[in-house]
Amino acid sequence: MSLVTPEFGLLFWMVVIFGIVFFLLAKFGFPIITDMLDERSARIAKSLKDADEIEARMASWKVEQAQLLEAARKQQSEILRKAAETREQIIAEARDRAREEADRLLKDAKTQIEAEKESALRDVRKEIALLSVEVAEKVLRHELAGEDSQRALLEQLVEESHQARLN
Amino acid sequence: MILTFLISLLLAADIHVGEIIFEHIGDEYEWHITQWKGKDIAIPLPCIVIEDGVHVFTLHHARENGYSLNEDGKLVNAATGKRPLDLSITKNVLSIMLSSLLLLVVVLLTARWYRRHDVLKESPTGLAALMEPLVMMVHEMARENIGPDYRKFSPYLCMAFLWILFNNFLGILPFFPGGANLTGNIAVTLVLALFTFFTVNLNGTKHYYKEIFAPDVPGFLKPIMPLIEVFSALMKPVSLTIRLFANMLAGHIMILSMVCMIFIMAKYGPALFGGMTLVSVLLGAFLDALECLVAFIQAYVFTMLSSIYIGLARQKEE
């Protein structure tokens, strides 16, 4: 039956035509297409790899960024803490110095007051001494106004000095 | 094929389904296109016969050149009744030429697109966009099945796949230049399978031939295994041949039968005729759709198996 027996003429022509077309296409057809396709798939694969790498780098950047932020925040709080400390210290120092100054002023004032008091007392004493001499003079002048009293005083003075020699 | 068939049947007086079907799946010395007012319209093709020199003539002049057709419809020497060396450009040969030319033009145009455009910057358009997925599919198949030196074999696989695919679809097409039952012809599929066979066995590695002729098996199997292996290597192209041939032939016969049904039923009154016509048209449409699927699948399977066979032959010793 001709259906399942290959015809020689057809075999012959099929080999010839298929062979020629295959030769032409294997030389000028398929390699050009497949080379281009390979080139493109290589490019796509490379792009995907690059994208992955960039993504990984971005992720690491994000971590780094977070770390930097954390460090900055720490530094900030550190600076704030130090500033607060310095402020406290300055205030304390100022207070100490003020107290010292006040003490010194007080002391000075005291010594001055003391000195004033001393000189005032001295003046008072001098005044009193002068007054008493004056009074004594006046008293004496009054008491020794008469002859009798002068005599009495003389006698008394003699007596006293006599007594003193006897003693 | 179906359209031709319909018209020719409308004018046919009697219906011999078997004859009609075999005529359509077989080969002819002229390309019968249709019948018009009782006359055959056909493209005459050159008959080339080599017997004591080359004789070239058309079928109409066969008798004058001393040749006639035998019961299979083949040219024989009218005097001796023997088959001469027949290299006629038959319907199938012309169909091979046309489809190969089509494939050549399509692939070369696609290649030209790739030569003229930067594939890294542009996506393919037109023909290139159509052909690229097909070529890429086969190329990837070669890469997966063959291994490191797949590039050498990728053109053959692309060629086989596209050639079978083109001819499968042209076979489904019912009118000129389609309609020839090429991939359902055993000579054509045999040549395709032999191309694969020689590609496989001319590129076999030492390891491949060692596996065939001196496989590593227990002693008592030593004399039998080479026989089995050689047989298996020879059966591979046979299975490729028959798989493609039978699948495509069966599809053609099924569709033709569906169409014939309409004309057979014409005798049995209008009710049955109308009913069966509807059923036949629906089933025929379904089968045509199925054939489109089969056309692709068979091309794919042939190429896939070819690539696997080549891959096996290219295996290196582990």
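What counts as what
- Residues numbered from 1 in each chain as written.
- Chains lettered and ligands numbered in written order.
- Predicted model: local features only at pLDDT ≥ 70, side-chain atom pairs only at ≥ 80, totals over all residues.
- Pairing = 2+ DSSP bridges.
- Helix = DSSP H or I, 4+ residues; strand = E, 2+ residues; numbered from the N terminus.
- Contact = placed C-beta atoms within 7 Å.
- Nonpolar A, V, L, I, M, F, W, Y, C, P; charged D, E, K, R; others polar.
- Expected span 1.5 Å × (residues − 1).
- Buried ≥ 20, exposed ≤ 12 C-beta atoms within 10 Å, placed from the backbone.

### Brief notes about the sheet that holds strand 7 (residues 85-86) of chain B
Residues and elements named next belong to chain B. One open sheet accounts for 3 strands, arranged 4-3-7; its pairing is antiparallel. One side of each edge strand has no neighbouring strand; the edge strands of this open sheet are strand 4 (54-57) and strand 7. Summarising the sheet, strand 3 (residues 47-50) and strand 7 pair through 2 bridges and their orientation is antiparallel. Looking at strand 7, one finds that Val 49 is bridged to Asp 86.

### What about the interface of chain A and chain B?
The figure often quoted for interface size is the accessible area lost as the parts come together. On the side of chain B, 39 residues touch chain A, which itself brings 31 residues to the contact. Taken together, the elements giving at least two residues each to the side of chain A that touches chain B come down to helix 1 (8-28) and helix 2 (30-143) of chain A. It is helix 1 of chain A that provides the largest number of residues to the side of chain A that touches chain B, a total of 16 residues. Looking at the side of chain A that touches chain B residue by residue, the class counts come to 23 nonpolar, 4 polar and 4 charged.

### Side note on helix 3 (residues 147-166) of chain A
With 20 residues, helix 3 of chain A should reach 28 Å at 1.5 Å per residue; the first-to-last C-alpha distance of 28 Å fits that figure. With 0 of 20 residues buried, helix 3 of chain A lies mostly on the surface of the structure.

### What about helix 6 (residues 186-202) of chain B?
Residues and elements named next belong to chain B. For helix 6, built from 17 residues, the straight-helix expectation of 24 Å at 1.5 Å per residue is met to within 8% by its first-to-last C-alpha distance of 23 Å. Within helix 6, 12 of the 17 residues are buried, which leaves it mostly tucked inside the rest of the structure. Ile 186, Ala 187, Val 188, Thr 189, Leu 190, Val 191, Leu 192, Ala 193, Phe 195, Thr 196, Phe 197 and Val 200 are the residues of helix 6 that are buried.

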